[in-house]
Amino acid sequence: MDLLALADFNLVARNGGFGRAARAAGRPKATLSRRVAELEAALNLRLFERGGRSLKLTEEGRALFERAGLLLTELEETAAAIASGGEKPRGRLRISAPLLFSQTAMGKIAAGFALKYPEVRLEVTTEDRAVDMIEEGFDLVIRVNPDPDDSLVGRVFLRDRLVAVASPNLARPAGDLAAPAVIRSAGDRLPWNLKTTTDRSTIAVAPVLALSSLIMVRDAVRAGVGAGRLPLSLVSQDLADGTLAHWGDIDEPDIALWTLYPSRRLLSARVSAFLDHLKQAFPMGTPDELAAYINN
């Protein structure tokens, strides 16, 4: 197979058309069209559905694009490593991370990584949705309790747990009384099932505020409006200072933060370096460790 033709196909697929690919690469559109046609002829496959004004990958084209992109990246990185005499991290590293982790910890993590590896251009995008790593060009994603995905591999690097907290002035209700509460959305699980070191219980909840950000929920709870269901790492300092009271742990599985990347034989030096950087930041991966990192 002609690797140059494969690279041109990957360029067109990534940019979504011959015209955009030509402008991005500064190359003639006719040359790219011819090279892709030659690749289709060599493979005896149609890789694009060509409409009047649109270009869409066929099923075979999409499969080739997903695999070819990874292979070409590995070839480029291997050649660069050989040329430089070693696997020194360099180039662009694109990461997608969830909102709360980005707001509380990612800035410090990114700054430390940039100081350690100045030849890597780190780009972090903050969003909670499940991004398509291949289609959107991410090298690594950080996700909370992700669904299984055969195309990705990864590992847990942090754990947290949910706790019910409130201002010390707000007494935990007894019996059938409902607790005024600040919730994140109408989809929050109600009532709250709580556990302590000695017992389990259920308390009814009467929402008084619905806020989309957990940091906003924490700030409202601090103000005494109502109780909140929050990650321990976000309120551990308040609990230690006595500015918030612990009503109990939410009786649900722990929160697990995963690093995920495309399943392939070799990781790039950039991704490996970032994974090692996270391990150094959170060697034990506990909620207390994350809280200490946030509050340091």
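On a predicted model such as this, the values are computed, not experimentally measured, just so you know.

Cut-offs used in this document
Residues numbered from 1 in each chain as written. Predicted model: local features only at pLDDT ≥ 70, side-chain atom pairs only at ≥ 80, totals over all residues. Heavy atoms only, no water. Axes fitted to C-alpha atoms, helices over the stretch in contact; angles between N-to-C directions. Helix = DSSP H or I, 4+ residues; strand = E, 2+ residues; numbered from the N terminus. Parallel < 35°, antiparallel > 145°, perpendicular 65-115°, else oblique. Contact = heavy atoms within 4.5 Å. Nonpolar A, V, L, I, M, F, W, Y, C, P; charged D, E, K, R; others polar. Buried < 20%, exposed > 50% of the residue type's maximum accessible area, 1.4 Å probe, protein only. Phe/Tyr/Trp six-rings, centres within 6.5 Å; stacked < 30°, edge-to-face > 60°. Pairing = 2+ DSSP bridges.

### Quick word on the packing of helix α1 (residues 3–15) against helix α2 (residues 18–25)
- For the pair α1 and α2, interaxial distance at closest approach is 8 Å and the crossing angle is 110°. With respect to α2, the element α1 is oriented roughly perpendicular. Across the interface between the two elements, Leu 11, Val 12 and Asn 15 from α1 touch Phe 18, Arg 20, Ala 21, Ala 24 and Ala 25 from α2.
- Its residues placed into classes, the contact of α1 with α2 shows six nonpolar, one polar and one charged.

### A few points about unusual backbone geometry
- The phi angle at Asn 44 is positive, at roughly 55°, despite the residue not being glycine.
- Topologically, Asn 44 is positioned in the loop between α3 (29–43) and β1 (48–50).
- Here Asn 44 falls in the exposed class, since its relative accessible area comes to 68%.

### Thoughts on the packing of aromatic side chains
- Under the criterion given, the structure shown has eight aromatic pairs.
- Taking the centre distance of 5.7 Å and the plane angle of 75° together, the rings of Phe 101 and Phe 157 count as edge-to-face. Taken together, the residues Phe 101 in helix α5 (residues 99–116) and Phe 157 in strand β6 (residues 152–160) connect sequence positions 56 residues apart.
- With a relative accessible area of 5%, Phe 101 lands in the buried category.
- Classification of Phe 157 as buried rests on a relative accessible area of 9%.
- Relative to Phe 282, the ring of Phe 101 lies with its centre 6.4 Å away and its plane at 55°, an arrangement referred to as tilted. Of this pair, Phe 101 sits in helix α5 while Phe 282 sits in the loop between α9 (269–281) and α10 (287–295), placing them 181 residues apart in sequence.
- Taking the relative accessible area as the measure of exposure, Phe 282 reaches 2% and is therefore buried.

### A closer look at the sheet that holds strand β12 (residues 245–250)
- With mixed pairing, the six strands of this closed barrel are ordered in space as β7-β11-β8-β10-β9-β12. Neighbouring strand axes in the sheet, compared pairwise and without regard to direction, differ in orientation by 50° on average.
- Bridge analysis of strand β9 (residues 192–195) against strand β10 (residues 200–210) gives four bridges, and the strand direction is antiparallel. Considered in β10, the bridge of Leu 194 is made with Ser 201.
- Helix-sheet contacts for helix α7 (residues 214–222) involve β7 (162–166), β8 (178–183), β10 and β11 (227–231), and the interaxial angle to β11 is about 140°.
- Along the sheet, helix α8 (residues 232–241) makes contact with β7, β11 and β12, crossing β11 at roughly 120°.

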